[in-house]
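# Residue-level structural notes
Okay, here's what each chain looks like letter by letter:
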Amino acid sequence: MALIAFQALVHPFHVSVSDIKYKEDKKVLQISMRIFLDDLELALQAYSGNEKLDITKKENWSIVNENLERYVLDRLKLWDEKGKEFELNYVGAEIEEDVMWCYIEIEKVKKLKQVKVWNSILHEVWNDQENLVHFRAFDDVQSARLYKGEDTEVFEWGS
């Protein structure tokens, strides 16, 4: 019976979802990421060097958030059409059921023609990790599936 309960708790696939939205009126890119807690916990334990780190305990939140910020900013990068890397501002994170929501913002995005996105979240944990990226800009939605070794996508608008 315990084995069945354990199997129900473990998800059979490894995926994160990143939603990137360009707010043209505010000249900002808003990024929200959903990452399964159990996968993220494994990554943060290795990243922090603390194999006993429990990311769901409120008393650990300060150290979790600090490591989460560094981890996410190390594994997510965006560049403009000229190859200039955008400065990512970590806004924060929150737990909702079995996922961690991470929020990032990029300010002063004056124009948007092309954005190169690199996302290697959890690629060091799972060889079959998929990172889905949905980019919303100018009433258009473009999506990509990023895998280990194929973790970059270029999104373009206009001519």
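Refer to the structure above for everything that follows.
Only a predicted model underlies this, so the values are computations on that prediction, with no experimental measurement involved.

## Re the overall build of the chain
Along its length, the chain carries three helices and nine strands. Starting at the N terminus and ending at the C terminus, the chain contains elements arranged as α-β-β-α-α-β-β-β-β-β-β-β. For the chain, the C-alpha radius of gyration of 17 Å lies close to 15 Å, the compact-globule estimate for 159 residues. Buried residues in the chain amount to 42% of all 159 residues.

## Digging into the pattern of salt bridges
On inspection of all chains with the given rule, the structure shows six salt bridges. Here Glu130 ties to Arg145 by a salt bridge, and the two come within 2.4 Å at their closest N and O atoms. Placement of the pair is Glu130 in strand β7 (residues 130–137) and Arg145 in strand β8 (residues 140–147), with a sequence separation of 15 residues. One network of salt bridges, with partners in common, ties together Asp19, Arg34 and Arg136.

## What about helix α2 (residues 37–48)?
In this model, α2 (twelve residues) spans 16 Å end to end at C-alpha, consistent with the 16 Å of a helix rising 1.5 Å per residue. Among the residues of α2, Leu37, Asp39, Leu40, Ala43, Leu44 and Gln45 are the ones counted as buried. Residues of α2 that are buried in the fold lie against β2 (28–36), α3 (61–75), β4 (89–96) and β5 (99–106).

## What about a negative patch on the surface?
On the surface, Asp38, Glu94, Glu96, Glu97 and Asp98 cluster together to form a negatively charged patch. Relative to the helices and strands, Asp98 is located in the loop between β4 and β5.

## Points about unusual backbone geometry
Not every positive phi belongs to a glycine, and Lys27 is a case in point at roughly 55°. With respect to the element layout, Lys27 can be found in the loop between β1 (15–23) and β2. In this structure Lys27 comes out as partly exposed when scored by relative accessible area, which is 33%. Residues other than glycine seldom take positive phi values, yet Glu97 does so here, at roughly 55°. Locating Glu97 in the fold gives a position in the loop between β4 and β5.

## A closer look at the sheet that holds strand β9 (residues 152–156)
Within the open sheet, the three strands sit side by side as β3-β6-β9. Their pairing is antiparallel. What marks the edges here is a single partner per strand, and that holds for β3 (76–79) and β9. The mean inter-strand angle of the sheet, taken between neighbouring strand axes irrespective of direction, is 20°. The pairing of strand β6 (residues 114–119) with β9 spans five bridges and is classified as antiparallel. Following the sheet pairing, Trp118 is matched in β9 by Thr152. The sheet strands contacting α3 are β3 and β6, and the helix crosses β3 at an angle near 45°.

Calculation notes
Residues numbered from 1 in each chain as written. Predicted model: local features only at pLDDT ≥ 70, side-chain atom pairs only at ≥ 80, totals over all residues. Heavy atoms only, no water. Helix = DSSP H or I, 4+ residues; strand = E, 2+ residues; numbered from the N terminus. Rg over C-alpha atoms; globule rule 2.2 N^0.38 Å. Buried < 20%, exposed > 50% of the residue type's maximum accessible area, 1.4 Å probe, protein only. Salt bridge = Lys/Arg side-chain N within 4 Å of Asp/Glu carboxyl O. Expected span 1.5 Å × (residues − 1). Contact = heavy atoms within 4.5 Å. Patch = residues over 30% accessible without salt bridge, like charges linked within 9 Å, V, L, I, M, F, W, Y side chains within 5 Å. Areas by Shrake-Rupley, 256 points an atom, 1.4 Å probe, with all protein chains shown as cover. Lys, Arg positive; Asp, Glu negative; His and termini not counted. Charge placed at Lys NZ, Arg CZ, Asp CG, Glu CD. Pairing = 2+ DSSP bridges. Axes fitted to C-alpha atoms, helices over the stretch in contact; angles between N-to-C directions.

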